[in-house]
Amino acid sequence: MISLHNVSKRFGSFEAIRSVSLRIESGEIHGIIGASGAGKSTLVRMMNLIEQPDEGDVVIDGETLNHLKGKRIRQIRQSLAMIFQGHHLLSNKTVFDNVVVALQLAKVPKKLRAEKVMESLRFVGLDQLKDQYPGQLSGGQKQRVAIARAIVNQPKVLLCDEPTSSLDPNTTAEVLEVIQRINQEFGVTIIIVSHEMEVIKSVCERVTVMADGQVYQELEIEPTGVHKMEHSAEGIIKRLKSGGDFNHA
Ligand SMILES: Nc1ncnc2c1ncn2[C@@H]1O[C@H](COP(=O)(O)OP(=O)(O)OP(=O)(O)O)[C@@H](O)[C@H]1O
């Protein structure tokens, strides 16, 4: 379980996150939506301490991350994998070598690495392309390599920051299917940041709507529709139901 307690973050005098409290259950697929600049990326980057909060606590499975140091923080960080809009692959390395890097960084014994990499690549359907270079792959394939790299150390949580933003609708569906399978087969808690409601609605159970660095509301997504969890503004509900893009709404 991940919880944020009154977390704030400033960049200079600008308050990007203003006293946000949030709870994400283990095994959940949780969406974070909002317009550009709402603070979505900053919020997610505080969950694995890429960004340190100025105030408040980030608690994962009962441990307050921002109070931990040294080895323990490195261990916990390893259990929190992340993928981004850009796949961030190394262009001069093969698909296999891009994934094995994560195992090298985690100091996994050499003799175990090849099997783990191939298992991960098989999961995302790219084991046949292990010797290709990123430049030879499609956008969706590159993102799937990034996913294979993210899951190769068997994380407990996968943070996805706009994972499908630069992809076409078919490729988006393909990447979301892999993300959903990671949740279903391994019980990994998934957090997806997006400004596209269609993306969120297709995979998430709950969604946090961010506006101006604050939680605007929390909603539940069910087959019967989108339901507010707390007080809700009609405008937002309407926009969610019609499946909009928050950057162009
Ligand atoms: N390192 C930084 N230095 C200064 N300002 C920053 C920094 N990171 C983020 N910000 C500012 O904080 C605000 C929130 O940014 P953030 O990237 O979290 O928003 P977002 O909702 O993810 O937006 P987008 O969808 O455009 O990525 C923005 O106004 C942004 O300019």
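This one's a predicted model, so the numbers in the text were calculated from it and none came from an experiment.

Below, the discussion takes up the nonpolar core. Grouped together as the largest cluster of nonpolar side chains are 48 residues, with contacts concentrated most on Leu121, Ile147, Leu158, Ile179, Ile182, Ile190 and Ile192. Mapped onto the domain boundaries, this core takes at least three residues apiece from domain 1 (24-51 + 69-79 + 156-249) and domain 2 (87-154). Ignoring any residue separated from it by four or fewer positions in sequence, one finds Leu121 in contact with Val95, Phe96, Val99, Leu126, Asp127, Lys130 and Ala148. Leu22, Ile24, Val44 and Val193 belong to the second-largest nonpolar core, a separate cluster that totals 26 residues.

Let's shift gears to the site of the ligand. Every residue lining the ligand is accounted for by Phe11, Phe14, Ala16, Ala35, Ser36, Gly37, Ala38, Gly39, Lys40, Ser41, Thr42 and Glu162. In the model, an oxygen atom of the ligand is placed 2.6 Å from a nitrogen or oxygen of the Ser36 side chain. One nitrogen or oxygen atom from the main chain of Gly37 is found 2.8 Å from an oxygen atom belonging to the ligand. In isolation the ligand has 640 Å² of accessible area, and contact with the protein removes 58% of it. Of all the secondary-structure elements, those providing two or more residues to the shell around the ligand are strand E2 (14-24) and helix H1 (40-47). Ranked by residues supplied to the shell around the ligand, first place goes to H1 with three residues. For the shell around the ligand, the class distribution of residues is five nonpolar, five polar and two charged.

This paragraph deals with the packing of aromatic side chains. Summed over all chains, the structure comprises one aromatic pair. The cationic tip of Arg181 hangs over the ring face of Phe123; the distance from NZ or CZ to the ring centre is 4.4 Å.

Quick look at the layout of surface pockets now. The gaps left among the atoms become clear once a water-sized probe is rolled over them. Size it by volume and the largest pocket reaches roughly 820 Å³. If you go around the largest pocket, you meet 26 residues; those closest to its centre are Arg77, Gln78, Leu80, Leu105 and Asn153. The set of elements that each furnish at least two residues to the lining of the largest pocket consists of helix H2 (70-78), strand E6 (80-83), helix H3 (95-105) and helix H5 (139-151). Of the residues assigned to the lining of the largest pocket, the class counts are 14 nonpolar, seven polar and five charged. Size it by volume and the second largest pocket reaches roughly 210 Å³. At four residues, the largest contribution of residues to the lining of the second largest pocket is made by helix H4 (residues 110-123). Residues that form the lining of the second largest pocket fall into these classes: six nonpolar, two polar and two charged.

Procedures and definitions
Residues numbered from 1 in each chain as written. Predicted model: local features only at pLDDT ≥ 70, side-chain atom pairs only at ≥ 80, totals over all residues. Heavy atoms only, no water. Core = buried A, V, L, I, M, F, W, Y, C linked by side-chain atoms within 4.5 Å. Buried < 20%, exposed > 50% of the residue type's maximum accessible area, 1.4 Å probe, protein only. Domains from an automatic or database assignment. Contact = heavy atoms within 4.5 Å. Near = heavy atom within 4 Å. Polar contact = N/O pair within 3.5 Å; in protein donor to acceptor, adjacent residues only side chain to side chain. Areas by Shrake-Rupley, 256 points an atom, 1.4 Å probe, with all protein chains shown as cover. Helix = DSSP H or I, 4+ residues; strand = E, 2+ residues; numbered from the N terminus. Nonpolar A, V, L, I, M, F, W, Y, C, P; charged D, E, K, R; others polar. Phe/Tyr/Trp six-rings, centres within 6.5 Å; stacked < 30°, edge-to-face > 60°. Lys NZ or Arg CZ within 6 Å of the ring centre and 35° of its normal. 1 Å grid on protein atoms, 1.4 Å probe; cavity = no way out; pocket = protein on both sides within 12 Å on 5 of 7 lines; lining within 4 Å. Points joined across faces, edges and corners; volume = space filled by probe spheres on them.

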